[in-house]
Amino acid sequence: NKINKKSIKKVNIVNILLIIIRTLIILFFILMMSRPFYNASYDSSKDVSSVALIAIDNSFSMHHNIDNINNVIANIMAPLNENTQIVIFALDDYKILYNGNKKNINTSLMKIRKSYNSNSLNGLINLINDYDNYLNKYLFVISDGQENLFSDNFRKIDGWYINYLNSDIPKTNLSVVNIKTYNSLILANDIFQIEAHIKNNGYEDIENHLLELFINDINIGKRYIDIPSGDSKKVLFDLTLPSYGEHLCLLQLQDDDIIDDNKLYFNINLKEKINIDIIDQTNNKFLKNILTSFNLNQSIISLNYYSIEDYVNNNALNNILFIIGLSNITGEINSKIEQIAKNNKIKVIVFPDINDKNFMNLENILPDFDFRNSYRENLRNNQYVEIDVSSIKDINFKNIYSDNPSRNIKIFSYIKMNTDTSSVIALNNNDMLLNTYYKNNLEIVLSSLSLDLNSTNYPLKGNILLFFKNLIMDYTLLEYYDNNTIHEKFNILYSSDAIISPSNQEFTLSNQGNTELSEIGFYKVKKDYRKHHFSFNINSDEKESPFLKNKDIKPLIPPESYISNSGSDIITNINNIKIGYDLWVSLFVLIILLLFAEMYLSTSTIKND
């Protein structure tokens, strides 16, 4: 009864204020944790949560622009806040070149590697996920509008301010895209034809432009060509080579605005020496005639005949072995070829004799396969089976028969066995004609045909030379590589092999298989004191892919993206956009002030009590 009514009323007001303040503290804290923001025109003076990713196309077509890239990057960063996180990376391998605040970057010290790899925007969607926590996200792509750069994944990117800087400039440019031949078997002094594919990626029609072909540094052909802008042309050269071995070749266009793609380096390989071992008790004349026919102008194939005992006891053996007659496949032969396969690759090519009834002897060298259902099939009354061309798995064999049905063969007698996963060539009744089996370094090629006219008319067909060429020769007539295909060559090179670049720099290959070549031209491989070469070129996609105008680029980039043609355009675009500004700092300050007010009022109430 002694408490003053006025004091009670005052305490009640203070308690109501405390409830309001505490409610606001909780509300503002929840709002602060949700990171609210408001949109406004860009103002570089304000400290905002921003990240800018700068993707640089460092592919071959951009080589003439890379030296000026640092100035372009400086123009991109000019309007950005000093605390903006800058991430610069190349599009060939997405390796980050710089990751830090704008105020700490020195573009003059940044070196951008010129690459011959394919560049793509496909992997961007994975990289940008690491930066989704920023409020304002900028993505700048510096490229030259080549079509092969774009991908569907890039177009799906959302939530980023994207500006594509098209640095392409008008230019005169022809490219040697690729080269091919339709000949698969060439002997010395044979006339054959190669076809060069030339592309005009420039902005002008080209007339009377010189294309030259060099073989072993000798100019052996010239062509003057006319190609409209954006068009392609195929140019033919007739060639003949007087000797076997490796021939270093170069197709070269006269200079234009981009000179690196005016050259295509390639090798023409004519196998110069093949040593073949043969185990054949019947001395099959067809096999001998077929193999020695390759020695028409020069002896390139050497045949060594053995009995089973002589082969088992001989130490100087080769990596190609013909076995004629399944009775020659014994346990001793299996032990011998497995011994050879421990250190070297060996290819065993098996043809049954006409008297062989089944493949059961093969279990001596292929114990994991079942040959019990195989048997000799003899067709009667002028009946025969043929090759099923559509089912041939090996492209080299397929090319022999696919273009001309008259090249097919007639088969009257063979060892019948159903096709399986090992079958390379099948007959039109689904029986196997040629199977290939692999076991460590051992490759076994099995034919169901006998080299006998009672079995087939194949020994009388001219294309049997092509068939045997594919069996015994493991090279292609024309050979060249780029960074997309060079791993095929690396697979047959050992990590200890010394390689000499076109500029005479010596190096060895990485064991991880990630070696990247950065010079076009001929590379020497030093192996067993011999030097062989392989040729390296610019990726054909880079030389063939067209350069797009801005209107053609627009459908290939995310909606609402900008396309610029200079650094000044980017500055204008940034200054005109609406960006988000964080409110959490303001809310944090309000929470602190409210906490002080709450503490003061709580203390006052306690004193009054």
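Structure: see above.
Residues numbered from 1 in each chain as written. Predicted model: local features only at pLDDT ≥ 70, side-chain atom pairs only at ≥ 80, totals over all residues. Heavy atoms only, no water.

Bringing the sheet that holds strand β14 (residues 274-280) into the picture now. Strand order across the open sheet formed by 7 strands is β15-β14-β16-β17-β22-β21-β20, with mixed pairing between neighbours. The two strands at the open ends of the sheet, each matched to only one other strand, are β15 (301-306) and β20 (423-426). Neighbour to neighbour, the strand axes of the sheet diverge by 15° on average, direction disregarded. Pairing of strand β21 (residues 432-439) with strand β22 (residues 442-447) involves 6 bridges; the strand directions are antiparallel. Residue Asn435 lies in a different strand from β22, and its bridge partner there is Leu446. Packing against the sheet, helix α6 (residues 285-292) makes contact with β14, β15 and β16 (320-324), and its axis sits at approximately 155° to β15. Packed on one face of the sheet, helix α8 (residues 331-341) meets β14, β16, β17 (346-351), β21 and β22 and runs near 150° to β17. (Pairing = 2+ DSSP bridges. Helix = DSSP H or I, 4+ residues; strand = E, 2+ residues; numbered from the N terminus. Axes fitted to C-alpha atoms, helices over the stretch in contact; angles between N-to-C directions. Contact = heavy atoms within 4.5 Å.)

With that settled, consider helix α3 (residues 69-77). Buried within α3 are the following residues: Ile69, Asn70, Val72, Ile73, Ile76 and Met77. Relative to the axis of α3, the buried residues are bounded by an arc of 160° and lie together on one face. (Buried < 20%, exposed > 50% of the residue type's maximum accessible area, 1.4 Å probe, protein only. Arc of directions from axis to C-beta.)

Let's shift gears to a negative patch on the surface. Together, Glu204, Asp205, Glu207, Asp226 and Asp257 line one region of the surface with negative charge. For Glu207, the position within the fold is in strand β9 (residues 206-215). (Patch = residues over 30% accessible without salt bridge, like charges linked within 9 Å, V, L, I, M, F, W, Y side chains within 5 Å. Areas by Shrake-Rupley, 256 points an atom, 1.4 Å probe, with all protein chains shown as cover. Salt bridge = Lys/Arg side-chain N within 4 Å of Asp/Glu carboxyl O. Lys, Arg positive; Asp, Glu negative; His and termini not counted. Charge placed at Lys NZ, Arg CZ, Asp CG, Glu CD.)

What follows covers unusual backbone geometry. For Asn208, which is not glycine, the phi dihedral falls at a positive 55°. Within the fold, Asn208 resides in strand β9. Under the relative-accessibility criterion, Asn208 is labelled exposed at 51%. Unusually for a residue other than glycine, Asn430 sits at a positive phi of about 75°. Relative to the elements of secondary structure, Asn430 occurs in the loop between β20 and β21. Take Asn430: its relative accessible area is 48%, and that puts it in the partly exposed class.

As a further point, take the packing of aromatic side chains. Taken as a whole, this structure holds 22 aromatic pairs when the rule is applied. Ring geometry for Phe351 and Phe468: centres 5.7 Å apart, planes at 10°, overall stacked. Of this pair, Phe351 sits in strand β17 while Phe468 sits in helix α10 (residues 464-472), and the two are 117 residues apart along the sequence. Phe468 shares its class with Phe351; the two are buried. For the pair Phe507 and Tyr523, a centre-to-centre distance of 6.4 Å together with 85° between the ring planes defines the contact as edge-to-face. One end of the pair, Phe507, is in strand β25 (residues 506-508); the other, Tyr523, is in strand β26 (residues 521-527), with 16 residues separating them in the sequence. Here a set of aromatic residues connected by ring pairs shows up, and it is made of Tyr116, Tyr481, Phe507, Tyr523, Phe534 and Phe536. (Phe/Tyr/Trp six-rings, centres within 6.5 Å; stacked < 30°, edge-to-face > 60°.)

Moving on, we get to the nonpolar core. Counting residues in hydrophobic clusters, the biggest one holds 71 residues, and the most contacted among them are Leu251, Phe322, Phe467, Phe468, Leu471 and Ile472. Of all the elements, α10 adds the most residues to this core, at 6 residues. In this structure, Leu251 is in contact with Val176, Ile179, Ala196, Leu211, Glu212, Leu213, Phe237, Asn262, Lys263, Leu264 and Phe266, ignoring residues within four places of it in sequence. Core analysis: the second largest hydrophobic core is formed by 28 residues, Leu321, Ile337, Phe359 and Ile365 among them. (Core = buried A, V, L, I, M, F, W, Y, C linked by side-chain atoms within 4.5 Å.)

Judged by side-chain polarity, Phe588, Val589, Leu590, Ile592, Leu593, Leu595, Phe596 and Met599 come together as a nonpolar surface patch covering roughly 730 Å² of accessible area. Looking at the element boundaries, Phe588 is found in helix α15 (residues 584-608). For Phe588, a relative accessible area of 41% gives the class partly exposed.

Spatially, β7-β8-β11 is the arrangement adopted by the 3 strands of the open sheet, whose pairing is antiparallel. Of all strands in the sheet, those bounded by a partner on one side alone are β7 (174-181) and β11 (232-240). On average, each strand axis in the sheet is tilted by 25° relative to the strand beside it, whichever way the strands run. Across 7 bridges, the pairing between β7 and strand β8 (residues 191-200) is antiparallel. Each bridged residue has a counterpart across the sheet, and for Asn178 the counterpart in β8 is His197.

Further remarks concern the environment of Leu477. Along the polypeptide, Leu477 turns up in the loop between α10 and β23 (478-479). The sequence separation of Leu477 and Ile186 amounts to 291 residues, and the corresponding C-alpha distance is 7.7 Å. Aside from chain neighbours lying at most four places away, what touches Leu477 is Thr181, Asn183, Ile186, Phe192, Asn267, Ile268, Asn269 and Leu270.

Where helix α9 (residues 395-402) contacts α10, the two axes come as close as 10 Å, and the packing angle between them is 175°. Judged by the angle between their axes, α9 and α10 are roughly antiparallel. Of α10, the residues touching α9 (which contributes Asn396, Phe397, Ile400 and Tyr401) are Leu466, Phe467, Asn470 and Leu471. (Parallel < 35°, antiparallel > 145°, perpendicular 65-115°, else oblique.)

A word on the side chain of Lys416. Here Lys416 lies in strand β19 (residues 413-416). Note on Lys416: relative accessible area 19%, which makes it buried. Here Lys416 is in contact with Asn373, Ser374, Tyr375, Glu377, Asn429 and Asp431, once residues within four sequence places are set aside.

Time to look at the packing of α6 against α10. The axes of two packed helices give the description: the angle between them and the distance between them. Running from amino to carboxyl end, α6 crosses α10 at an angle of 80°, the nearest separation of the two axes being 10 Å. Put simply, α6 runs roughly perpendicular to α10. Of α10, the residues touching α6 (which contributes Leu287, Ile290 and Leu291) are Ile464, Leu465, Phe468 and Ile472. Each residue belonging to the contact of α6 with α10 can be placed in one class, and the counts come to 7 nonpolar, no polar and no charged. (Nonpolar A, V, L, I, M, F, W, Y, C, P; charged D, E, K, R; others polar.)

Counting buried residues in α10 gives 8 out of 9 residues, a clear majority hidden from the surface. When α10 is considered as a whole, its buried residues turn out to be Ile464, Leu466, Phe467, Phe468, Lys469, Asn470, Leu471 and Ile472.

With that settled, the discussion passes to the pattern of salt bridges. Pairing is possible between side chains that carry opposite charge, provided their charged atoms lie close to one another. For the structure shown, the criterion picks out 12 salt bridges. Residue Glu82 pairs with Lys102 through a salt bridge whose shortest N-O separation is 3.5 Å. On the criterion of sequence distance, the pair formed by Glu82 in the loop between α3 and β3 (85-90) and Lys102 in the loop between β4 (96-101) and α4 (124-127) is long-range, its members being 20 residues apart. When its relative accessible area of 41% is taken as the criterion, Glu82 is described as partly exposed. On the basis of relative accessible area, Lys102 is assigned to the buried category, the value being 12%. Close ionic contact of Lys551 with Asp552 constitutes a salt bridge, the shortest N to O distance being 3.4 Å. Judged by its relative accessible area of 66%, Lys551 is exposed. The partly exposed category is assigned to Asp552, whose relative accessible area is 33%. Here the salt bridges do not stand alone but share partners, grouping Asp92, Asp93 and Arg113 into one network.

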